[in-house]
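Chains, contacts and geometry: an overview
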Amino acid sequence: MTSALPLLPVYTGDQVRAAERPLLESGQGPELMRGASWGLAAAVLNLLRERGAVYGARVAGLIGSGNNGGDGLWALTFLRRRGVEATAVLARGRAHQEALQAFLQAGGRVVDEIPGQADVVIDAVLGTGFSGEFGAPQLPEAAVVIACDLPSGVDADTGEVRGSAPAADHTVTFGGLKLGLLAGDGGHLSGRLHTVDIGLGDHLPTPRAQLLSPDWDPASSWRPPQSTDHKYSRGTVHVLAGSPQYPGAAQLTVGAALNTGVGMVTLEAAEEVRHQVLAASPEVVGVADGAGSEDRLEKARAVVVGPGLGDQAAQLEAASATIDEAVRRALPCVVDASALTLVPELTLRTEVLLTPHVGEARRLAQGLGLAEADELLSSDPVAAAEALAEGTGATVLLKGATTVIASPGAETLLHRAQAPGLATAGSGDVLSGVLGAVLATQQDRLTVAEGAVLAVGLHAQAAQRVDPNGQGRFGASALMAGLRA
Ligand SMILES: NC(=O)C1=CN([C@@H]2O[C@H](COP(=O)(O)OP(=O)(O)OC[C@H]3O[C@@H](n4cnc5c(N)ncnc54)[C@H](OP(=O)(O)O)[C@@H]3O)[C@@H](O)[C@H]2O)[C@@H](O)CC1
Ligand SMILES: Nc1ncnc2c1ncn2[C@@H]1O[C@H](COP(=O)(O)OP(=O)(O)O)[C@@H](O)[C@H]1O
């Protein structure tokens, strides 16, 4: 099925290397390297133009002994021909022969250390051929760091850093986006991503995952209400959230659902929680918790269970009954926070969306006896989310700076938020509300996983709206309010 969302293919390093192989075998290696290194040089030129003059700018390269270093040296050669002062440190004392020769002929200089006054440093020690461990050198603080293909020390397949890796402000990657630039620590170190097409075309296989395009406005995909709509046709979200200990979580979840845009929100919670929430949001329809009546989901198009529920047995029992009922009705059902502890006892299906952060995912894996998923959470979060999805039969949304959405038998979807201010208490409760609203109103045209990635995009967009300079000076209430365009 073609998705209604703009998704970019993401490959492992091995997939890109395999796609290059037939071209290398037919003698096109130099063309590939020229395409890659020219793309890298063009990105550096753009950056230098933004900062001032190209002529006389100082660009230094940290150069490895393989083709990644060759790309770096050719890029420095092109830059040198534009009047850039180009220097190179040979990390292993040797380098790609032709590239080194061209660099020296163009007037580039090999030096022992990256000059302290460098404007730009190109990290071209290691790319997809990385093995073993890497020790990242100290780079001048004022320099803009541009990684060639991927930051050295990052595993292109998983994002795992073995040893240490220099943080890049930008990464210029070749042939296709690599998973290691998005997942795990690689996602924190790769900076802004630029992909250079080096003509791998049909040689590229089915991608390992799909990334929601960072250049796209998620609000543009929101289907607004029509004049023919009434409140039930727009979609009702049933929320079971909050407890006397955490009433605020219920408020954040229902407020986020309302601000995202739904026909109705019903809240199943303890009486005092309902009173507090209704005082702030009188449009919410309260339902006594643990009512046990099967018709409370009669009008629901999506269900959200868990935010702020706490660990009281009665509330967890009500949560379990609601999830069971949602599963029976094949309703999309978001399961968050302490409701995740119920999962080992439940029979789930792909319409159920489990939304753990890494700590909750770890506990979930342990509770299910999925030792491999538990282990993968440290080294390969994408594979970990996929193992949890396979192990539960549910769709899994693993939260983080890069969110991973894995669903049994479907493509894994990724979203990378450039909004670290989202790391604030209650922001997950807000996400649950957005998820509920999107799944209730957009389900005719999006799968649960696609709806989930759209919701994550809207959540991150709200953060950017309330905090455009990324200062992190906002709480979850402001985020909830920021959902309204
Ligand atoms: N293939 C192509 O046609 C195209 C590839 N392209 C580019 O090539 C890159 C892949 O190049 P690659 O295969 O040469 O591997 P690469 O990342 O340079 O690393 C291997 C080198 O590093 C060394 N080394 C290894 N581990 C190390 C460590 N821990 N610490 C230190 N050194 C270590 C290892 O040395 P050795 O251990 O073998 O002595 C070897 O020399 C790819 O990312 C892209 O940039 C583009 O030009 C497009 C066309
Ligand atoms: N460093 C980060 N960058 C971007 N988004 C983040 C970061 N850390 C957390 N988030 C997002 O913030 C939300 C936090 O959710 P969660 O941990 O459940 O919070 P809480 O339980 O306090 O409500 C998730 O959507 C997560 O993806």
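Being a predicted model, the structure only gives us computed values, none of them experimental. (Residues numbered from 1 in each chain as written. Chains lettered and ligands numbered in written order. Predicted model: local features only at pLDDT ≥ 70, side-chain atom pairs only at ≥ 80, totals over all residues. Heavy atoms only, no water.)

Examining the overall build of the protein
Where we set the bar: Strands are runs of DSSP state E lasting at least two residues, helices are runs of H or I lasting at least four, and both sets are numbered from the N terminus onward. Using C-alpha atoms as the atom set, the radius of gyration is obtained and then compared with a globule rule of 2.2 Å times the number of residues to the power 0.38. Exposure categories follow from relative accessible area, calculated using a 1.4 Å probe and restricted to protein chains: below 20% of the type maximum is buried, above 50% is exposed, and the middle band is partly exposed. The contact definition used throughout considers only heavy atoms, calling two residues in contact when any of these lie within 4.5 Å. All accessibility values rest on the Shrake-Rupley procedure with a 1.4 Å probe; residue burial counts only the protein chains present in the view. This count recognises Lys and Arg as positive and Asp and Glu as negative, with His and chain-terminal groups excluded. Note on charges: their place is set at NZ of Lys, CZ of Arg, CG of Asp or CD of Glu.
Of the regular secondary structure elements, the protein holds 15 helices and 19 strands. Taken over the C-alpha trace, the protein has a radius of gyration of 25 Å; the compact-globule value for 485 residues is 23 Å, and the two agree within 12%. By the burial criterion, 57% of the 485 residues in the protein qualify as buried. Within the protein, counting contacts between residues at least 6 apart in sequence, those at least 24 apart form 68% of the total. Of the roughly 20100 Å² of accessible surface on the protein, 47% is carried by carbon and sulfur atoms. Here the protein carries 34 positive and 52 negative side-chain charges, and the mean point of each set is 7 Å from the other.

Some details on the domain arrangement of the protein
Defined as follows: The start and end points of each domain follow an automatic or database-based domain assignment. As a working definition, buried area equals the accessible area (1.4 Å probe) given up by two parts on being put together, with both sides summed.
Here the domain parsing of the protein yields domain 1 (7-209) and domain 2 (218-482). Taking the mean C-alpha position of each, domain 1 and domain 2 sit 39 Å from one another. Between domain 1 and domain 2, the residue contacts involve 16 residues of the former and twelve residues of the latter. Three residues, Leu7, Leu182 and Arg208, lead the burial of domain 1 against domain 2; their summed loss comes to 37% of the area buried on that side.

Considering the site of ligand 2
The following threshold applies: It suffices for a single heavy atom of a residue to lie within 4 Å of a molecule or strand for the residue to be listed as near it. The term polar contact refers here to a pair of N or O atoms within 3.5 Å; inside protein, the definition further demands a hydrogen-donor-capable atom paired with an acceptor-capable atom, and it admits residues adjacent in sequence only when both atoms are side-chain atoms.
The environment of ligand 2 is made up of 18 residues, and the closest members are Lys399, Gly400, Gly426, Ser427 and Gly428. A distance of 3.0 Å is found between an oxygen atom of ligand 2 and a side-chain nitrogen or oxygen belonging to Ser427. The contact in question runs from an oxygen atom of ligand 2 to an N or O atom on the backbone of Gly428, over 2.7 Å. Protein burial of ligand 2: of its 570 Å² of free accessible surface, 77% is covered by the chains. In terms of residue count, helix H13 (residues 427-441) provides more of the shell around ligand 2 than any other element does, four residues in total.

Some details on the packing of aromatic side chains
Condition: Only Phe, Tyr and Trp rings are paired, with Trp represented by its six-membered ring, and only when their centres lie within 6.5 Å; those with planes under 30 degrees apart are stacked, over 60 edge-to-face, the remainder tilted. For a lysine, the NZ atom is tested; for an arginine, the CZ atom; a charge sits over a ring if that atom is within 6 Å of the ring centre and within 35 degrees of the ring normal.
Scanning the entire structure with this criterion turns up two aromatic pairs. Of the aromatic side chains, those joined through ring pairs into one cluster are Trp38, Trp74 and Phe78. The ring of Tyr232 is capped by Lys299, whose NZ or CZ atom sits 5.0 Å from the centre of that ring.

Digging into unusual backbone geometry
One non-glycine residue with positive phi stands out, namely Asp149, at about 75 degrees. Its location among the elements puts Asp149 in the loop between strand S6 (144-148) and strand S7 (170-174). On the basis of relative accessible area, Asp149 is assigned to the buried category, the value being 7%. With phi around 50 degrees, Ala337 is a residue other than glycine that occupies positive phi space. For Ala337, the position within the fold is in the loop between strand S15 (333-335) and strand S16 (352-354).

Overview of the packing of helix H3 (residues 67-81) against helix H4 (residues 97-105)
Geometry of a packed helix pair, given as the angle between the helix axes and the separation of the axes. Heads up, the rule is: For every element, the axis is a line fit to its C-alpha atoms; helices are fit only across the contacting stretch, and the angle between N-to-C directions ranges from 0 to 180 degrees. Throughout this description, any angle smaller than 35 degrees is read as roughly parallel, any larger than 145 degrees as roughly antiparallel, any in the 65 to 115 degree range as roughly perpendicular, and the remainder as oblique. Handedness of a helix crossing follows the sense of rotation of the near helix relative to the far helix, less than a right angle counterclockwise being left-handed and clockwise being right-handed.
Direction vectors running N to C along H3 and H4 enclose 20 degrees, while the axes themselves pass 8 Å from each other. Taken together, the axes of H3 and H4 lie roughly parallel to each other. Considering only the axes of H3 and H4, their crossing is left-handed. Residue-level inspection shows Gly70, Leu73, Trp74, Leu76 and Thr77 of H3 in contact with H4, the latter providing Glu98, Ala99, Leu100, Ala102 and Phe103.

A closer look at the layout of surface pockets
Using the following cut-off: In the cavity and pocket records, a cavity denotes points on a 1 Å grid over the protein atoms alone where a 1.4 Å probe fits but cannot get out, a pocket denotes an open set with protein on both sides within 12 Å along at least 5 of 7 lines, and lining residues are residues with an atom within 4 Å of a point. Grid points are joined across faces, edges and corners, and a volume is the space filled by probe spheres set on the points. Three classes are used: nonpolar for Ala, Val, Leu, Ile, Met, Phe, Trp, Tyr, Cys and Pro, charged for Asp, Glu, Lys and Arg, and polar for all others, with Gly counted as polar.
There is about 840 Å³ of room inside the second largest pocket. Every residue lining the second largest pocket is counted, 35 residues in all, and those nearest its centre are Met33, Gly66, Asn67, Asn68 and Asp71. Elements with a minimum of two residues in the lining of the second largest pocket: helix H1 (13-25), helix H2 (29-51) and H3. In terms of residue count, H2 provides more of the lining of the second largest pocket than any other element does, six residues in total. Among the residues making up the lining of the second largest pocket, the classes are represented as 14 nonpolar, eleven polar and ten charged.

A few points about empty space enclosed by the protein
Within this structure, the stated rule accounts for one cavity of 30 Å³ or more. Size it by volume and the largest cavity reaches roughly 50 Å³. As for the largest cavity, its lining consists of Leu240, Ala241, Gly242, Glu268, Ala269, Ala270, Asp289, Leu309, Gln315 and Ala318. Taken together, the elements giving at least two residues each to the lining of the largest cavity come down to strand S12 (264-269) and helix H9 (313-328).

Remarks on the nonpolar core
To be explicit about the condition: Each nonpolar core is a collection of buried residues, namely Ala, Val, Leu, Ile, Met, Phe, Trp, Tyr and Cys, held together in the definition by side-chain atoms within 4.5 Å.
Counting residues in each nonpolar core, the largest one holds 55 residues, and the members touching the most others are Val239, Leu267, Leu353, Leu397, Val430, Val434 and Leu435. Counting only elements with at least two residues in this core, the list comes to strand S11 (236-240), helix H7 (247-260), S12, helix H8 (271-280), strand S14 (300-305), H13, helix H14 (448-466) and helix H15 (476-482). Looking at this core, the element that brings in the most residues is H14, giving eleven residues. Aside from chain neighbours lying at most four places away, what touches Leu267 is Val239, Ala241, Ala250, Val254, Arg274, Val277, Val284, Val285, Gly286 and Val287.

Things to note about the sheet that holds strand S8 (residues 177-178)
Our working rule: Strands are treated as partners if at least two bridges between them are detected by DSSP.
The sheet built from twelve strands is open, its strands ordered S8-S1-S10-S19-S18-S17-S16-S15-S14-S11-S12-S13 with mixed pairing. Because the sheet does not close on itself, it has two edges, and the strands there are S8 and strand S13 (285-288). Strand direction decides the pairing type here: strand S1 (residues 7-11) and strand S10 (residues 209-212), joined by four bridges, are antiparallel. Bridge pairing links Leu7 to Leu212 in S10. Of the strands in this sheet, S12 and S13 touch H8, which is tilted by about 150 degrees from S12. Of the strands in this sheet, S16, strand S17 (395-398), strand S18 (402-406) and strand S19 (413-416) touch helix H12 (residues 381-392), which is tilted by about 150 degrees from S17.

Section: the site of ligand 1
Applied cut-off: More than half of a molecule's atoms lying within 2 Å of a cavity's or pocket's grid points is what places that molecule inside it.
As a structural note, the neighbourhood of ligand 1 is formed by 23 residues, with Ser65, Asp71, Gly127, Glu133 and Asp149 the closest of them. At a separation of 2.9 Å, an oxygen atom of ligand 1 approaches a polar side-chain atom of Asn68. Notes on ligand 1: free accessible area 920 Å², of which the protein chains cover 81%. The cavity where ligand 1 resides is the second largest pocket. Every element with two or more residues in the shell around ligand 1 is listed here: H1, H2 and H3. Split by residue class, the shell around ligand 1 holds eight nonpolar, eight polar and seven charged.

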